[in-house]
Amino acid sequence: MDTTTFYVKPGTSAERKDLYERLHAKNTAPLWEVLAKLVTPEPQSACVPALWRYDDIRPLLMDAGRLITAKEAERRVLVLENPALQGRSQITSSLYAGVQLVMPGEVAPSHRHAASALRFVIEGEGTAYTAVDGERTTMRPGDFVLTPFWTFHDHGNPGGQPVIWLDGLDVPIVNLFDASFADHHDEETQPLTRRDGDALARYGGGLLPIEHTPRGLSSPMFSYPYARTREVLDTLYRNGPVHPRYGVKMQYVNPVTGGYPMPTIAAFIQFLPGSFKGTPHRSTDATVYCVAEGHGRTQVGEAAFAWGPHDIFVAPSWQRVSHEALEDAVLFSFSDRAAQKALGVWREDEETV
Ligand code: GTQ
C-alpha cells in the first residue's frame, strides 16, 4: 500500500480562492482543500510518547496532599497530560489518566458520572477502599478496580498511610459525544448494601448465580486483586510459552461475557521475564502503561524509555512498541481497544525486522 500519495491537494487559482471565500460566508468549505489531513492513509496522532517518573510525581502529589484536602478537591489528582495535548486533560486522544492520593482519614465524596473509570493501585497498605454501588473493595498495590459509568463511588482511607493509584477514564470519549453527566450522592459516603468481597465471590470464581442474567455493559466483578493476577502470570510463565512480542500477557475480562470489563476501555497485565527482549508491534489503540514491578526499557517509535516501579508511560496509536526487561517485570496497561473493536476500527500490525 502506497501511504504517501493517497491524495494530493489540488492547486489553487484566483477564481477558486474567490469561491472559497463565498463558501466560507455560507458555512461551507471545499473538501478537496482538507481531504489530505481529514482522511489519512495511516493514523496521524497528535499524541506523543511520554514517560512520567514516579520519583518526580510522588513528591508533587504529596505537596498537593498538604495544600488541598480530598474533600475540597473532590478528587485530589495530578492529571497526566500528554505533552502534545496540554490543557486538555488527555493522555491520549481518547483517554484521561491521573494519579490520585487519598491521605489517612480522608474521604473523597460519593459521586457518579457518565465516564467509566479504572484504578490501578500503586501504593498503600491495604487499608483504603473504593465503594462502588453499595460495596467496598480494599485497594492493595497491583489491584485493578473498576468504577463503571453512572455507578456511585467514593474513596476512603481509614488507615495510617497514604494511598496512591493510577486513574484511567474515558472522559475524552464521553465528551466527544457531548454525553457528560455527573452528580453527587446525598451522603458523602454511600450506604453499603453488600459485604466486602461479595462481587469477587459471586462473579470471580468461575461460577455465576443460577438466576444470573447479564445486566449492564460492565463487569459485575469490579475488583481484580493483584495476588490472583500475579499467581496466574507466574503459573503461565512456568507453563510457557512466552510470547515473543508480549511476554506473558493477559487481558482483564468481564467474567459474565468474556468481553472487556467496560464498554470503552480494555486493560492488560503482562509478565516480562528478566532479559526478555520483545519484538516490535503496533496497534491503533494508544496505550497507557504503569509499571507494577521491575526495571526495563521500552522503545516507542523514536523514543526510548527506561522504567522502574510505578513509572507511567504512553504509546500513541500506530507507533511501534517493544519491551525489554532487565529483571522480572510486570506491566499493567489500558487503552480504548474495547471502543475501537466495538466500532470495527481497531487494527494491529507486527514487524518482522
Ligand atoms: O475518582 O471519581 O482522576 O471522578 C478524575 C475524575 C478520578 C474519581 C479522576 C474522577 C475520579
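In case you missed it, the structure is sitting above this.
Please read all numbers here as calculations on a predicted model, not as lab measurements.

Rules used throughout
- Residues numbered from 1 in each chain as written.
- Predicted model: local features only at pLDDT ≥ 70, side-chain atom pairs only at ≥ 80, totals over all residues.
- Heavy atoms only, no water.
- 1 Å grid on protein atoms, 1.4 Å probe; cavity = no way out; pocket = protein on both sides within 12 Å on 5 of 7 lines; lining within 4 Å.
- Points joined across faces, edges and corners; volume = space filled by probe spheres on them.
- Helix = DSSP H or I, 4+ residues; strand = E, 2+ residues; numbered from the N terminus.
- Nonpolar A, V, L, I, M, F, W, Y, C, P; charged D, E, K, R; others polar.
- Near = heavy atom within 4 Å.
- Polar contact = N/O pair within 3.5 Å; in protein donor to acceptor, adjacent residues only side chain to side chain.
- Areas by Shrake-Rupley, 256 points an atom, 1.4 Å probe, with all protein chains shown as cover.
- Phe/Tyr/Trp six-rings, centres within 6.5 Å; stacked < 30°, edge-to-face > 60°.
- Buried < 20%, exposed > 50% of the residue type's maximum accessible area, 1.4 Å probe, protein only.

The subject of this paragraph is empty space enclosed by the protein. Scanning all chains against the criterion turns up one cavity of 30 Å³ or more. Taken as a whole, the largest cavity encloses approximately 150 Å³ of empty space. Looking at the largest cavity, it is lined by 17 residues, and the ones nearest its centre are His281, Ser283, Asp285, Thr287 and Tyr289. Going through the elements one at a time, β15 (281-283) and β16 (287-293) are the ones with two or more residues in the lining of the largest cavity. In terms of residue count, β15 provides more of the lining of the largest cavity than any other element does, three residues in total.

Looking now at the layout of surface pockets. Its boundaries defined by the atoms lining it, the largest pocket holds a volume of some 920 Å³. Lining the largest pocket are 35 residues, and of these Ser94, Thr284, Asp336, Gln340 and Val345 lie nearest its centre. The space that makes up the second largest pocket amounts to roughly 550 Å³. For the lining of the second largest pocket, the element with the most residues is helix α6 (residues 198-203), which contributes four residues. Each residue belonging to the lining of the second largest pocket can be placed in one class, and the counts come to nine nonpolar, five polar and seven charged.

Taken together, Arg75, Val77, Tyr96, Gln100, His111, His113, Arg119, His153, His155, Asp167 and Leu169 are the residues near the ligand. One nitrogen or oxygen atom from the side chain of His113 is found 2.9 Å from an oxygen atom belonging to the ligand. One of the side-chain N or O atoms of His155 is found 2.8 Å from an oxygen atom in the ligand. Considered on its own, the ligand offers 290 Å² of accessible surface; in the complex 87% of this is hidden by protein. Contributing elements (two or more residues each) for the shell around the ligand: β3 (96-102), β4 (107-113), β9 (153-156) and β10 (163-169). Classifying every residue of the shell around the ligand by side-chain character gives three nonpolar, five polar and three charged.

Applying the stated criterion across every chain, the model contains 12 aromatic pairs. Aromatic pair Phe305 and Phe313: ring centres 6.1 Å apart, planes at 45°, arrangement tilted. Look at Phe305 and you get buried, because its relative accessible area is 10%. You can call Phe313 buried: its relative accessible area is 0%.

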